[in-house]
Amino acid sequence: MENRNRENLRELFEKFFDAEQAESYVEDIQKAEQILRENPAPEPDDMLIANIKAEIAMRLQARRAHHFRRVIYEVAGAAAVILFFATVSLQLFIKDPPGHGEVVYASLIPTAIWESNDIAADDEDLAVYTAQIEQIEDEVQTLQSGDDTSSSDSTIVELEMELIEINGDFWKG
Amino acid sequence: MAKSNDLARIITGCKGGDAKCFSQIVDMYASRCYGYFYRLTGNNDISDELLSELFVKLVEKIGSYKGGSFESWLFKVASNIFHDHLRSKQRRKKLLEVQITEFEFGTIEPKQSDGELTDKLQIQLGRLDEDTRELVMLRFYSQLSFKEIAEKRSEPIGTTLAKTHRALKKLREFMEG
């Protein structure tokens, strides 16, 4: 305890009291502190010190284990997040080519209609094609049922050819 | 300078979780911290507990030490532990409605846990009020400057100086009387 007063006590007291008072106060403090030095407190027991050191070592070990576990959890968590996003990304952005028997609906829509901006004209065309197809279907049904007596094989072939032609025009746009 | 470099090295080791460095800190400060607790409580068993608590807390809190006087920092932690002890004691007192060990208010002679009478200084310290006794002990054991003590107590340095002077003068009179 000898060097505990790193500050200049006299100077410090003189900031608040006159020089004579300050000197007296410093002397009082020094004498009282001398009494404290002459009456030391008991020392801690060696066993206590050993126990404290053992407790500290145990706590440090527990802290290390806890830290290690935390790092593992963090890494595992980060890996799970990355895996999740990778899986989702694969499903969203990578598509397999269609297999046998799968219908690719988009390809059924004629390119010309798909890319056209003139919706009214396209609707009109569709209506005409639809009406023609319906008319031909009716005629085919009539022929097949035998209601039309004037029918012949050549007429059916003719109608079928016409149907194919209309279909071809439709898909060409 | 070499000593402060050594201390800095030890503290760095403590921050890195080195048990040997903590052992060195215990060896360096256990005696003074124990004296501080003992003079405040007058009880060996409580001082043992508080000292253990201090160093265990040190393991948890060493990361929050950001430089400056390590002793000041350590004794601030010690002081907080002592105040926590006082508060828990007050709570116990209220709950049990029993009289607190009157030694801390200086009305009866304190006894050590082994039954021996404590030294004369301890008895006379018991005649000081709690706050004054802590001020004197903090000054004596912690090596805190008056400026640091004043900051810790949130009071002007002149007040701290006057209180310390008054307390030490009174203690001296008790001892000589």
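Quick caveat, the model's predicted, so the values are computed rather than measured.

## Let's talk about the overall build of chain B
In terms of helices and strands, chain B carries eight helices and zero strands. When the helices and strands of chain B are placed in sequence order, the string is α-α-α-α-α-α-α-α. Burial status across chain B gives 33% buried among its 177 residues. Intrachain contacts of chain B at a sequence separation of at least 6 include 58% that bridge at least 24 residues.

## Digging into the overall build of chain A
Across its full length, chain A holds six helices and zero strands. Ordered by position from the N terminus, the helices and strands of chain A form the series α-α-α-α-α-α. When each of the 173 residues of chain A is scored for burial, the buried share is 8%. Excluding contacts between residues fewer than 6 apart, the proportion of contacts in chain A whose partners are at least 24 apart in sequence is 39%.

## Brief notes about the nonpolar core
When a protein is soluble and globular, its nonpolar side chains tend to lie buried together. In terms of nonpolar packing, the biggest core is built from 48 residues, with Cys33, Phe37, Leu51, Leu54 and Ala78 of chain B touching the most fellow members. Ranked by the residues each element gives to this core, the list is headed by helix α2 (residues 19-41) of chain B, at 10 residues. Domain assignment of the residues forming this core places at least three in each of domain 1 (9-38) and domain 2 (43-95) of chain A.

## Remarks on the packing of α2 of chain B against helix α4 (residues 70-96) of chain B
Two quantities define a packed helix pair, namely the angle between the axes and the distance from one axis to the other. All names here are of chain B. In contact at an axis separation of 11 Å, α2 and α4 are set at 30 degrees when each is read in the N-to-C sense. As for the relative orientation of α2 and α4, their crossing is right-handed in sense. Residue-level contacts link Tyr29, Cys33, Tyr36, Phe37 and Leu40 of α2 to Leu74, Ala78 and Phe82 of α4. A per-class count over the contact of α2 with α4 returns eight nonpolar, no polar and no charged.

## Description of the packing of helix α3 (residues 46-93) of chain A against helix α3 (residues 44-61) of chain B
At a minimum axis separation of 10 Å, α3 of chain A and α3 of chain B run at an interaxial angle of 30 degrees. Our classification of the angle between α3 of chain A and α3 of chain B gives roughly parallel. α3 of chain A and α3 of chain B meet at a crossing whose hand is right-handed. Where α3 of chain A approaches α3 of chain B, its residues Leu48, Ile52, Glu55, Ile56, Arg59 and Leu60 of chain A are matched on the opposing element by Asp48, Leu51, Ser52, Phe55, Val56 and Val59 of chain B.

## Comments concerning the confidence of the model for chain B
All names here are of chain B. A residue-level look at chain B finds 86% of positions with pLDDT of 70 or above and a mean pLDDT of 86. A low-confidence stretch, residues 111-117 stays under pLDDT 50, and its non-local contacts, those more than four residues away or across chains, total eight contacts. Two summary scores accompany this predicted model of the complex, namely pTM at 0.65 and ipTM at 0.81.

## Focus on the interface of chain A and chain B
Frequently, the measure chosen for interface size is the accessible area removed from exposure when the parts meet. Counting residues at the interface gives 32 residues for chain A and 32 residues for chain B. Elements supplying a minimum of two residues to the side of chain A that touches chain B: α1 (9-14), α2 (19-38) and α3 of chain A. No other element matches the 11 residues that α3 of chain A contributes to the side of chain A that touches chain B. Here the residues of the side of chain A that touches chain B are counted per class, giving 19 nonpolar, one polar and 12 charged.

Calculation rules
Residues numbered from 1 in each chain as written. Chains lettered and ligands numbered in written order. Predicted model: local features only at pLDDT ≥ 70, side-chain atom pairs only at ≥ 80, totals over all residues. Helix = DSSP H or I, 4+ residues; strand = E, 2+ residues; numbered from the N terminus. Buried ≥ 20, exposed ≤ 12 C-beta atoms within 10 Å, placed from the backbone. Contact = placed C-beta atoms within 7 Å. Core = buried A, V, L, I, M, F, W, Y, C linked by C-beta atoms within 7 Å. Domains from an automatic or database assignment. Axes fitted to C-alpha atoms, helices over the stretch in contact; angles between N-to-C directions. Left-handed = near helix turned anticlockwise from the far one by under 90°. Nonpolar A, V, L, I, M, F, W, Y, C, P; charged D, E, K, R; others polar. Parallel < 35°, antiparallel > 145°, perpendicular 65-115°, else oblique. pLDDT = per-residue confidence, 0-100.

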